[in-house]
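# Structure at a glance
Residue-level listing of the chains:
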There are 2 protein chains.
Amino acid sequence: MKHVYFFGGDQTEGKKEMKQTLGGKGANLAEMAAIGVPVPAGFTITTETCAEYYDEGKKISEAAKQEIDENVKKLEKFMEMKLGDTQNPLLLSVRSGAAVSMPGMMDTILNLGINDEVAAGIAEKTSNPRFAWDSYRRFIQMFGDVVMGVEHHDFEKILDTAKETKGVQFDTDLSADDLKEVTQKYKELVKEKTGKEFPTEAKEQLLMAVEAVFGSWKNDRANHYRRLNDIRGLKGTAVNVQAMVFGNMGETSGTGVCFSRDPSTGENVFYGEYLMNAQGEDVVAGIRTPQPITQLKEVMPEAYEELVAIYKKLELHYKDMQDMEFTIQDKKLYMLQTRNGKRTAAAAVRMAIEMIDEGLIDEKTAILRVDPASLDQLLHKQLDVVAKEKHQALGKGLPASPGGAVGKIAFNNDSAVKMKEAGDVVILVRNDTSPEDLIGMDAAAGILTAKGGMTSHAAVVARGMGKCCVSGLGEAKISEANKSLELGGEKFTEGDYITLDGSSGEVFSGKIPTTDPELSGNFGKLMELADKHRKLGVRTNAETPRDCQQAVKFGAEGIGLCRTEHMFFEGERIKAVREMIMSEDLEGRKKALAKIKPFQKQDFYELFKIMNGKPITIRLLDPPLHEFLPREEADIKELSTELGVTVEQLKQKIESLHEVNPMLGHRGCRLGVTYPEITEMQSEAIFEAAKEISESGVLGSDSQVTVEVMVPLIGNVEEFKNQKEIIIAVANKVLEGNDNVKYMVGTMIEVPRAALTADLIAKEAEFFSFGTNDLTQMTLGFSRDDVGSFVPEYIEKGILERDPFQALDQTGVGQLVEMAAKKGRATNEKIKLGICGEHGGEPSSVEFCHKVGLNYVSCSPFRVPIARLAAAQAALKEN
Amino acid sequence: MKHVYFFGGDQTEGKKEMKQTLGGKGANLAEMAAIGVPVPAGFTITTETCAEYYDEGKKISEAAKQEIDENVKKLEKFMEMKLGDTQNPLLLSVRSGAAVSMPGMMDTILNLGINDEVAAGIAEKTSNPRFAWDSYRRFIQMFGDVVMGVEHHDFEKILDTAKETKGVQFDTDLSADDLKEVTQKYKELVKEKTGKEFPTEAKEQLLMAVEAVFGSWKNDRANHYRRLNDIRGLKGTAVNVQAMVFGNMGETSGTGVCFSRDPSTGENVFYGEYLMNAQGEDVVAGIRTPQPITQLKEVMPEAYEELVAIYKKLELHYKDMQDMEFTIQDKKLYMLQTRNGKRTAAAAVRMAIEMIDEGLIDEKTAILRVDPASLDQLLHKQLDVVAKEKHQALGKGLPASPGGAVGKIAFNNDSAVKMKEAGDVVILVRNDTSPEDLIGMDAAAGILTAKGGMTSHAAVVARGMGKCCVSGLGEAKISEANKSLELGGEKFTEGDYITLDGSSGEVFSGKIPTTDPELSGNFGKLMELADKHRKLGVRTNAETPRDCQQAVKFGAEGIGLCRTEHMFFEGERIKAVREMIMSEDLEGRKKALAKIKPFQKQDFYELFKIMNGKPITIRLLDPPLHEFLPREEADIKELSTELGVTVEQLKQKIESLHEVNPMLGHRGCRLGVTYPEITEMQSEAIFEAAKEISESGVLGSDSQVTVEVMVPLIGNVEEFKNQKEIIIAVANKVLEGNDNVKYMVGTMIEVPRAALTADLIAKEAEFFSFGTNDLTQMTLGFSRDDVGSFVPEYIEKGILERDPFQALDQTGVGQLVEMAAKKGRATNEKIKLGICGEHGGEPSSVEFCHKVGLNYVSCSPFRVPIARLAAAQAALKEN
C-alpha cells in the first residue's frame, strides 16, 4: 500500500480523479500542480492510511512513517529548504481533507516546524522579526489547541492582555517583541495545562499533527456532520502536508478566498475577498473585515491578473464553478485549494443553464448539478439570510414545510380567522392539528405544533398549502385553553409576533424580514430540460382549485391524489356529514348524503375544468368518521342543537366512534364496505360531474375527462371487488355510454397485506397508487403522530439514518413497494403504478420509484418541480 | 358427464369413495346397497349437476333431465311400482347431500308423487286411509314450504286448528277424514299464498323438488353454515331420490336415529332413539319425545336384532363410529343413511383410543380423528360438584352437550349478540332451534330448549360447537315473544342469571361456581401419542405461577412468552412504576427502578423454579408507559398525593404520554432504546435470579436455568444491537462465568419490517418468536381493539373467511412469517424459530407453523393440548 503521494511541478503523483484516496483537497492540489497552477509543493497522506490508523488501534504504521519521512526529504529537496533548520527552515501546513468536503469539521495546523531557534533564524533571514514571532505564536496556538487540547480561548486571553497592555486594537499593531513575549506565555500555558513541554523537534511536531488530524476524523463534530449530511462509506481523512507560504509577511503579502462565479446569485462574475498581511484563517474567522476581490486589482495588479487567469483556467478545467483559496507571499501568488463551490439553489440553477449556453457543460451535467431538494428555496418566501443571523432561535423543531413566516400568534380557528379578517398575518400555534383545524390553517401564514412528525397532519396539510410549518417542537409548552406559548424562556400570548423558519425548523421571537421567491427564466429552462429527460410522470396531491392551479403552474401532469374528505369540512357540508354520521339507519344516511352530493359534484366539476383532460385520481372517503365530529364541549353543544339531538346522545355517538388506534380502525374502504351508500354517493358525484362537463363544451374540442377512482386502504382483494362493483354500477348507470369520460378503478397500496397480495388485487384493479405514508406507518409500526417521542433519538443514536416519513425506507417499505410492483405487473401487465405518499416529492424516493419502474409520482404542488428534476436525474443516472 | 347414479342391490353404480360426486349421503347409500345392507333403492343426481345448474343460470340441463327420467324408469322397474300410479304408486323422498355433512342446512321432501287420486289409491291399497292422508298432508306441507315458499308456520296453524277442533293433543289422534280435510285446506293455503295450484303431476313435482334442493345450496342458512364451519371448495349438493318407505304406517312401523357408540361419552354401546308410527323428521324436529333405542328390543325384537347386526357391520366396514337413520315399514327394516357420527370431544378421544385397543384403527388414524379445536370442550369448565349439591334443580332436560354454563338469559339472536357484545355471558333459551338460530347459538355459552331430543338441531349443533346444551326440557314454559321463561315455579326474563349442566340436563336458578376440567386417562394416552408423532415443540404463554403450573400439567415444554409487564401492576410495584414514569431525569428513574427490581427478581426466581430447567422466554417491557398511569379523576388525585406532585403536573404527564395510535407508538424496544436503564434493570433481575437459583440447589442435580431474553417490537437490526449490547453487558457482569445459566438473546418478529429484514436481524439474534397478534394488526392494518365495527360484517359478507386474530391469515401474514423464517435461516442456520401469538394454539395455524418449519409454537395454557394434537396431525398429514 502506498501511503503518501507527492505533489509539486512534474514530480506530482496524484490527480483529481483520486479523491477517494487523496481526499478532495489533496486530489485538487495534485491536479493544480500537474496543470501548472502555482501551488506550494507538498505531499498527501492517504485516506487508507487513516483507516489503517484506526485498524491498528490508533497508531500510524511504521511503513507510513517511513514514507512520510521520505517525502519530507523529497520536499526539502524540492523547496531547497530544510525542516528545523535555523538558517533556511522549511515550515509546513498540515490540513485534513476527506473525499467529501466537510468544511470546518476537521483540523488544520499551520507554520509547523518552528521553535525558538527557528523563529530567531526566520527573523534574521527575512529581516522581519515581527513576522517570525507572529508565525511562531500562531503555530503554538493552533498546535496547542488541536494537538495538545489546550483551549483556544485561553490563548486568546493572553493575546488580548498583550493588546490591552499596549493599548492597541489589532494583532498587527503588536510588535515583534510583544509577540515574542506572547510565545513565551503560550508555551507556559501549554506546560501548565498539559504538564508537558511544547515539542521543539520538527519531525515530532509533524507526526503529532498527522495523528491529531486522523483523530479528528471521528470526533463528535465530524460524526455529527456526517450524520446530518448523510455522508457514508468514506475510509477516513487524508492529510495534506505542504510547504508554508505566508500571507502575513507584510503589506506585499495577503490571502483570500474567491469564486469563479457569484455563489449566491450564480452570476458569471469574479467574486471573493482578501486580506493583506494575513494568514488564511483570518479571512475565514472574520476577525478583520476583508476587502472585495476586485480591489486587489488596484493594490496588486499583477497578482490580480494572474489570479484571474488561474480562476478561468480552473473553471474551464473543472467545468464547474470553483471555490478557491490563495496566498500572496511577497507579491508571489500561490493557490492553496480549489474545489467545486457550494451555491444557493438560485445560483445552482442559473449556473447550470448559463454553462450550457456557454458550451461548458452538456444538458445531462446541468441537470445533475442542481440538488432537487434545494429548489424548495426558490418556491417559497424565505427569511432574509443576513437578518436571520442576527437572531438567536428560541428552539428548533422539525422543518415540516419550507419557507419563512412572520406573524401574530393565534391558538385556535376562531382567533386565526378573526385576526386574518382584521388584516393580520397569522401564525397558528397548536399542540397538534386535526382536520377540524383546517380552517385555522387556511387562515394562517405559518403553523407551529409541539407534537407530530414530518408527516403529521399539520405537516402534510401545510406542505400541500405551500405554507411554512414547524412541527414536533417538543420543548414548546402550549396551552390552547390559556392561549399561551412558552418557549426558550419566553412567554407568548395571542397576538404576539413570532417568526418561523420552516426550512430549518427554527422559531424566533418577534419579526425577521423575509424575501420573496423568484422563479427566474433559468428555472423554467431547467424544468424544460428535466421534462425532456425524465421518464416518470409527475402529478400532484391536491383538491382545492387554488392548489390545483398552483400545481399545474408548477408542471403537474395530473392529480395523483384528490382527497375527497377535504371537501367535507366547510360550512353546510360538515353539517350534512355530521347528520349522516348521527343517522341510525340507512334511510337517514341516504338523506344526509343527498345533501352532500351537490357540493361534491360541484367540486369535481371545478377540478375537471381546471385539469382540462389531465388524469385525476379521486380517492374515496378515507378518514374515520369521528374526525368529522367536534371535540370541544362548546362545539358539541352547538352541534346538538343544530342536529336536534341531546348533548348526551351526541356524546354517546362520539364515544361509540372512539377508537383505540384510529389509524388501524374503521376507515378507508372499510367505511365503503359497511356503508356502501357513501361509495355510491361519491361515485354518483364523480360521474355526474364528469358527464356534465364533458357535454358542456367548456373543455374544448375533445371534451375528454379522465378519472381514476381510487379505493383506499385495501388489504384484501375481496374488499376491492366489493367497492369496484358499486363504482362500476354507478358509472354504467350515469354515463350511459358517454365515450368522453374515460375512467379506471384502482386502489391505494398502503396496507402491507395489499403489497403482499398485489398479484391477486391486480387481477381486479386497473391501477395501484402507493400510499407510502400509511405503508410506512404500518410496515414500521410507527404512528406518524406519535413518533416524536423516539424518532429524533433514533436518528441521534444512528438507529435510523433518516426520518422514514421524509425519505422512503428503501430497505423495508421499499421491499414491499418493489414486491407489489412486480406481483402487480405479473398478473396485469397493463397496470398503472404511481405513488401518492409524501415521498413522491423527495428526491431519493423519486429515484427509487424510477428504479422500480413506477409510471408516475405524485406530490404536493410545491414539490412538483423537485419531483420533475429528481425524476430527470434518476433517468440520467441510469445511463 | 354422467348426471345420475343408480343404487339398489347389484345394480348399484356408486361407492363410498365417491363423496365429491355423490355427496356423503349418496355415496354411503350406494355403499350400503353394495354391501347388502337393506336400503330403499333410488338414484343420486351428482354435485356436478348442481354446479351445472348454477352455471346455466339456474336451469337443470336437458341431459340431466333425460337421465333423471331414465333412472325413474329404472327405479319403477326395480321397485315394481309406478310413479303417479293410483293402484301401485311409487312415492319418493328427495334429499340433499353435499360432500361434507351440513345437517339441517338444506332441504328434504318426502312422500313425493302423491295427489288426490294417488292418496285415495294408497288408502285403498294399504287399507290404511289415515296413513294415506297423513302422508299426503305431510307432502303438501314440505313441498309447499320448501319448493313453493309457503311458511311452515301457516301449515302448522291449520293443523293446530284441526287438533283443537277435535280436542286432541297429538297428530296421531287425528282421523283419516280429519287429515283429508287438512290436505284440502293445505292446498287452498298454497293457492292463496302463491296464486298457483299445487302441482299434481308426479314428474313435475320431482323436477321442482330437485330444483329446490339445488336452490337451497346457496341460501343464506347454507352460506352461513359453510362460512361458520369453514367449508370450502365444494361443487354443490347432490340430490338423493329414493323410493319412500314409511315409518308412519301404524304401530308396526317406526323410525329412528342411532349411533354405533355413544356420541356423547364415546362408550362402546349401542345408542339412539326411535319413534313408532312416525316419519324421520318427527325424531329430528323433536315434536314428540322419542324412546331410547334399547326399548326397541322389547317392541320389535327381530328388527332390533337386525339393526344391531347392521350397525356392527357398518362400523367394522367404515372403521368409525356410525350415525345412522332407519325406518321400519311394517316390521321391515330399511337403512336410510349412515355416516361417520359427530361426537363430543370426550367421545372422540375415548373412541380413538379404544378403537386402537380394539385393533380397528392405527395410531395415525386415531390421532387424525380427533379435532384438536374440540379438545377445548374437555378443558373447559364444569359445574362445581359440591356447590351444585346445595342447589335444587329447577328442572331436568336431556344432557344434550356436556359442560357447565352460567350466564344471562337471551331469547333471540339479536339479544344474544348484543349482550355478548356488551361483555355478558349468554344462555340462549328457545322452544326449539332451527338453522336460523345459529347466530344466537354462536353468541351463547349455553343453550336450553324446551323441545327436541338428543339429536335435535339444538343438540347436534351445540355439540359441534362444544357448547353446553340442555334440550327437551318440556316443563319449561318459554315465550319468545314476551321474553319469559317459567320453570320450577320461578319466572325469568331477559338478563336473569341461569345455570345449565349440559352433562346431566339439569337447570338451576342463578349462578353456580364452575370448576376446571379433569383430564381422563384416554386424554392422556392421546396426548402421549401426539407427542410421539409431532415435530413442533409446544410452549406456553404464561407468567403467573398458577398459569405456569397449569401449562406444565397440560404438557408445556417451556415458556414461549413471559410478559414482564404483567408483573408490574400489583400493589407496591405499580407505585414504583409510576414513580419511574413521573421522574424527570435518569437519576429519578433509576431510583424508582431499583424499587421494582427486587419484585421482578423474585418473580423470575419463582418461574425458574416451576419450570425447572425448561426454557423460558422472557420478553422485556412492551406496553406504552401511559398504560401504567390512572385514568379516573379519583385515582389521579390519589396518585398525585402518593407521588407528591400536583394533580396538574400529573395530568400534564398523562397528557404528554397520550398517543393517537398507542399500538404504533412509544412501546416495545423503543422504550428500551430511549430508557436503557429499564432494559438494564430487567436484565439484572433476570440474570441475578437465574444465578441465585442455579446456585441454590433447589433445581436438583443439574441446576440448569435456560433463559431466552426477548426484545419486543424490533423493526430494525440497529434497535436490536442497541438492546442486545445492554443485555449481554449485564449478563457478563452478573453471571461471572456461571455455566449453569444458559441464555440466548433474540427478538419478536411482529413488525412487518422485521420480517422483511429478517436476514439482517438474524445475523444478530439467536432466536425469533413470531408475535402474530401484532404482526396481524400491522400487516392487515387492523387494530384488535377496534375491528368490532367492521370485521363481523366482513365475515358476514364473505370478504374475510375467518377472523384473522383467531386463525392466522396465511395468505398475507403467513407470507411474512415464511419469508422471515427463510431469510432468518439463510443468514443464521442455527436460529431458533417459534410463534407466541394467539395463533400458536389454533390448529390450522399450528399446521402452518409446522409447514414453514418453526421449532415450536407457544400458546395459552388451556390451548397447549390443542397445539400438541394439532402439531401431531400436521406431522402425520405430511407423510
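Residues numbered from 1 in each chain as written. Chains lettered and ligands numbered in written order. Predicted model: local features only at pLDDT ≥ 70, side-chain atom pairs only at ≥ 80, totals over all residues. Heavy atoms only, no water.

A word on the sheet that holds strand S14 (residues 395–396) of chain A. All names here are of chain A. The strand order S14-S24-S23-S16-S17-S18-S19-S15 describes an open sheet built from eight strands, whose pairing is mixed. If you trace the sheet from one side to the other, it starts and ends with S14 and strand S15 (398–401), each paired once. Taken together, the five bridges between strand S16 (residues 404–410) and strand S23 (residues 497–501) define a ladder with antiparallel strand orientation. Among the inter-strand pairings, Val 406 is bridged to a residue of S23, identified as Thr 499. Each of S16 and strand S17 (426–430) is contacted by helix H17 (residues 413–421), which is oriented at about 115° to S16, the strand it contacts most. Against the sheet, helix H19 (residues 457–465) touches S15, strand S18 (446–449) and strand S19 (468–471), its axis set at about 45° to S15. (Pairing = 2+ DSSP bridges. Helix = DSSP H or I, 4+ residues; strand = E, 2+ residues; numbered from the N terminus. Contact = heavy atoms within 4.5 Å. Axes fitted to C-alpha atoms, helices over the stretch in contact; angles between N-to-C directions.)

This paragraph deals with the nonpolar core. Ranked by internal contacts, the top residues of the largest apolar core, which has 232 residues, are A:Phe608, B:Leu375 and B:Phe608. Here B:Leu375 is in contact with B:Ala345, B:Val349, B:Val370, B:Phe523, B:Met527, B:Pro865, B:Ile866 and B:Leu869, once residues within four sequence places are set aside. (Core = buried A, V, L, I, M, F, W, Y, C linked by side-chain atoms within 4.5 Å. Buried < 20%, exposed > 50% of the residue type's maximum accessible area, 1.4 Å probe, protein only.)

What follows is about the interface of chain B and chain A. At the junction of the two partners, chain B supplies 48 residues and chain A supplies 47 residues. Its largest share of buried area at the contact with chain A, chain B owes to B:Leu664, B:Arg753 and B:Ile799, together 15% of the area lost on that side. Between chain B and chain A we count three salt bridges in total. Across the pair B:Asp809 and A:Arg753 runs a salt bridge, and its minimum N-O distance is 2.6 Å. Linking chain B to chain A there are 28 residue pairs in polar contact (both at pLDDT 80 or more). Counting only elements with at least two residues in the side of chain B that touches chain A, the list comes to helix H26 (669–674), helix H28 (717–735), helix H29 (752–756), helix H31 (772–780), helix H32 (791–796) and helix H33 (813–827) of chain B. By residue class, the composition of the side of chain B that touches chain A is 19 nonpolar, 17 polar and 12 charged. (Buried area = accessible area lost by both parts, 1.4 Å probe. Salt bridge = Lys/Arg side-chain N within 4 Å of Asp/Glu carboxyl O. Polar contact = N/O pair within 3.5 Å; in protein donor to acceptor, adjacent residues only side chain to side chain. Nonpolar A, V, L, I, M, F, W, Y, C, P; charged D, E, K, R; others polar.)

Moving on to helix H3 (residues 62–79) of chain B. Residue and element names in this part refer to chain B. The end-to-end C-alpha distance of H3, which contains 18 residues, comes to 26 Å, matching closely the 26 Å that a straight helix rising 1.5 Å per residue would cover. Along H3, the residues that are buried comprise Ala 64, Glu 67, Ile 68, Asn 71, Val 72, Leu 75 and Glu 76. Count one or two residues on from H3 and you reach Glu 80, which has phi positive near 55°. (Expected span 1.5 Å × (residues − 1).)

Using the criterion set out here, one finds 125 salt bridges over all chains in the structure. Across the salt bridge formed by A:Lys2 and A:Glu13, the nearest N and O atoms sit 3.3 Å from each other. Taken together, the positions of A:Lys2 in the segment before strand S1 (4–7) and A:Glu13 in the loop between S1 and helix H1 (19–34) put the pair 11 residues apart, joining distant regions of the chain. The partly exposed category is assigned to A:Lys2, whose relative accessible area is 37%. Overall, A:Glu13 belongs to the partly exposed group, its relative accessible area being 32%. B:Arg430 is paired through a salt bridge with B:Glu480; the nearest N and O atoms lie 3.6 Å apart.

Time to look at helix H5 (residues 129–146) of chain A. With 18 residues, H5(A) ought to run about 26 Å at 1.5 Å a step, and its terminal C-alpha atoms sit 26 Å apart, in line with that. Burial of H5(A) is extensive: 15 of the 18 residues sit out of reach of the surface.

In this section: the environment of B:Ala348. All names here are of chain B. Position of Ala 348 relative to the elements: it lies in helix H13 (residues 345–357). Separated by 230 residues in the primary sequence, Ala 348 and Val 118 have C-alpha atoms spaced 47 Å apart. Ignoring anything within four residues of it in the chain, the contact list for Ala 348 reads Arg 343 and Val 370.

Within the fold, B:Asn240 resides in strand S7 (residues 238–243). Beyond its immediate chain neighbours, meaning those up to four positions away, B:Asn240 contacts B:Leu22, B:Lys25, B:Gly26, B:Leu29, B:Phe43, B:Thr44, B:Ser93, B:Val94, B:Arg95, B:Ser96 and B:Gly97.

So, about the environment of A:Ile866. All names here are of chain A. The residue Ile 866 is located in helix H35 (residues 864–878) in this model. When its relative accessible area of 3% is taken as the criterion, Ile 866 is described as buried. Distance from Ile 866 to Gly 841, taken between C-alpha atoms, is 6.3 Å for residues 25 residues apart in sequence. Sequence-distant contacts of Ile 866, defined by excluding residues within four places in its chain, comprise Pro 372, Ala 373, Leu 375, Asp 376, Gly 841 and Pro 843.

Across chain A, the average pLDDT comes to 92, with 98% of residues at 70 or higher. Both scores are given for the predicted complex: the pTM is 0.82, the ipTM 0.83. (pLDDT = per-residue confidence, 0-100.)

Residues and elements named next belong to chain A. A sheet is described by the order of its strands in space; here three strands give the open sequence S20-S21-S22, paired in antiparallel fashion. Single-partner strands in this sheet number two, and they are strand S20 (477–479) and strand S22 (490–493). Mean inter-strand twist for the sheet, computed between neighbouring axes without regard to direction, equals 15°. As defined by bridge partners, S20 adjoins strand S21 (residues 484–487) across three bridges and the pair is classed as antiparallel. The partner of Ser 479 across the bridge, within S21, is Ser 484.

The next thing to look at is the pairing of strand S11 (residues 322–329) of chain A. All names here are of chain A. Counting buried positions along S11 yields seven of eight residues, so the element is predominantly enclosed. The pairing of strand S8 (residues 254–259) with S11 spans six bridges and is antiparallel. Counterpart to Thr 255 in the pairing with S11 is Thr 327. Pairing of S11 with strand S12 (residues 332–340) involves eight bridges; the strand directions are antiparallel. When the bridges of S12 are listed, Met 324 appears paired with Thr 338.

Note on strand geometry: in a regular strand, side chains alternate between the two faces of the sheet. The buried fraction of strand S23 (residues 497–501) of chain B amounts to four of the five residues, a majority that puts the element mostly inside the structure. Between S23(B) and strand S24 (residues 506–509) of chain B, which pair antiparallel and follow one another directly, the connecting turn spans four residues, one of which, B:Gly505, has a positive phi of 90°.

Residues and elements named next belong to chain A. Summed over the entire model, instances satisfying the criterion amount to 34 aromatic pairs over all chains. A centroid spacing of 5.9 Å and a plane angle of 65° characterise the contact between Phe 6 and Phe 78, whose relative ring orientation is edge-to-face. Of the two residues, Phe 6 sits in strand S1 while Phe 78 sits in helix H3 (residues 62–79), which places them 72 residues apart along the sequence. The exposure class of Phe 78 is partly exposed, given its relative accessible area of 33%. Plain terms: the ring middles of Trp 133 and Tyr 136 are 5.8 Å apart, the flat faces sit at 45° to each other, and that makes the pair tilted. Of this pair, Trp 133 and Tyr 136 both sit in helix H5, three residues apart, which is roughly one turn of the helix. (Phe/Tyr/Trp six-rings, centres within 6.5 Å; stacked < 30°, edge-to-face > 60°.)

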